[in-house]
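Structural description and commentary
Chain by chain, the residues:
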Amino acid sequence: ARVPTIREPFAAAVTPDGKAVLVGNFLPNVRTNELFVIDVAAVVTVIDTQTHQTSAIQLPDCSHSLRQFCFSADGKYAYVTHILSNFGLVTSQLDQGWMNINALSVIDLHEKKVVKTAGLDEAFLGTGNPWGVDCTSDGKPICASHAGTPQLSVVDTLAVMGRLEPLYVNPLAHAIPYDARRGTDPRRRIKLPG
C-alpha cells in the first residue's frame, strides 16, 4: 500500500502489538519563513496496519527534526527525539535554549496525544541533535544518543511521566531546558569517546 504522510517522513516504527506504524516528519507541518507563523510543529502520522487509515499527532509548537521512536515495555507509550526551535521571535541569545532545545516527547498511544515533553539540555550546557532513543529492558530509564555531541542522555522515565516537570515555558523563548537549580535533575549525561 502507499499511504500519504506529513512533510518529509524520516522516522518510522511499528508498535509492539503490530497494529500501527508511527511515522515522524523531519520538517514541521508548514513553512516557517513567513512572519507570525502559528502552529508550526512536527507531526507523527499513525497508520493502521489493517485498514491503512491515518491519524495525526501534533508535537509541541516549534518542534521539528524527529529522528527515532522507541516504545515503553508495556507498549502504552512511544518516545521520540526531536528539536524545539524559536521560529516566532528574533533570537537574542543562544544560551539557555533561546534558539534550539533538544527534546524527547512522550506519546500516549491509546489517547493518540503527546503527554509530556522533556528537555535534554542543561541550563548552561546544551546537547546536540538528539537522535537514537531506546528504553532499557526494565523500562526505567530512556537513553537518547546525540549526533552533535559525543554523549548519551539517560532520562528517568518516572520523572518524565509526571513526578517532575522537566520542561517549562518562557513566553519570550517558547521553551528553555530544565534547570537543575529548580530540583532534582531527572537526567544524567554520559560522555562517549569521539
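Residues numbered from 1 in each chain as written. Predicted model: local features only at pLDDT ≥ 70, side-chain atom pairs only at ≥ 80, totals over all residues. Heavy atoms only, no water.

Below, the discussion takes up the packing of aromatic side chains. Under the defined criterion, the tally for this structure stands at two aromatic pairs. Of the aromatic side chains, those joined through ring pairs into one cluster are Phe10, Phe26 and Trp131. Of note, Arg67 hangs over the ring of Phe10, and the distance from its end group to the ring centre comes to 5.6 Å. (Phe/Tyr/Trp six-rings, centres within 6.5 Å; stacked < 30°, edge-to-face > 60°. Lys NZ or Arg CZ within 6 Å of the ring centre and 35° of its normal.)

A few words now on the nonpolar core. Membership of the largest hydrophobic core comes to 16 residues, with the highest contact counts inside it found for Leu22, Val44, Leu66, Phe69 and Ile107. Within the residue set of this core, elements represented by two or more residues are strand 1 (9–14), strand 2 (20–25), strand 3 (41–48), strand 4 (54–61), strand 6 (69–71) and strand 7 (77–85). Ignoring anything within four residues of it in the chain, the contact list for Leu22 reads Ala11, Ala12, Ala13, Thr15, Val44, Thr45, Val46, Phe69, Phe71, Ala78 and Leu109. Ranked by size, the runner-up nonpolar core spans 10 residues in total, among them Cys70, Leu104, Val133 and Ala144. (Core = buried A, V, L, I, M, F, W, Y, C linked by side-chain atoms within 4.5 Å. Buried < 20%, exposed > 50% of the residue type's maximum accessible area, 1.4 Å probe, protein only. Helix = DSSP H or I, 4+ residues; strand = E, 2+ residues; numbered from the N terminus. Contact = heavy atoms within 4.5 Å.)

Relative to the helices and strands, Thr81 resides in strand 7. For Thr81, a relative accessible area of 0% corresponds to the buried category. A polar side-chain atom of Thr81 sits 2.7 Å from the main-chain carbonyl oxygen of Trp131. (Polar contact = N/O pair within 3.5 Å; in protein donor to acceptor, adjacent residues only side chain to side chain.)

Any link to function would need more than the numbers given here.
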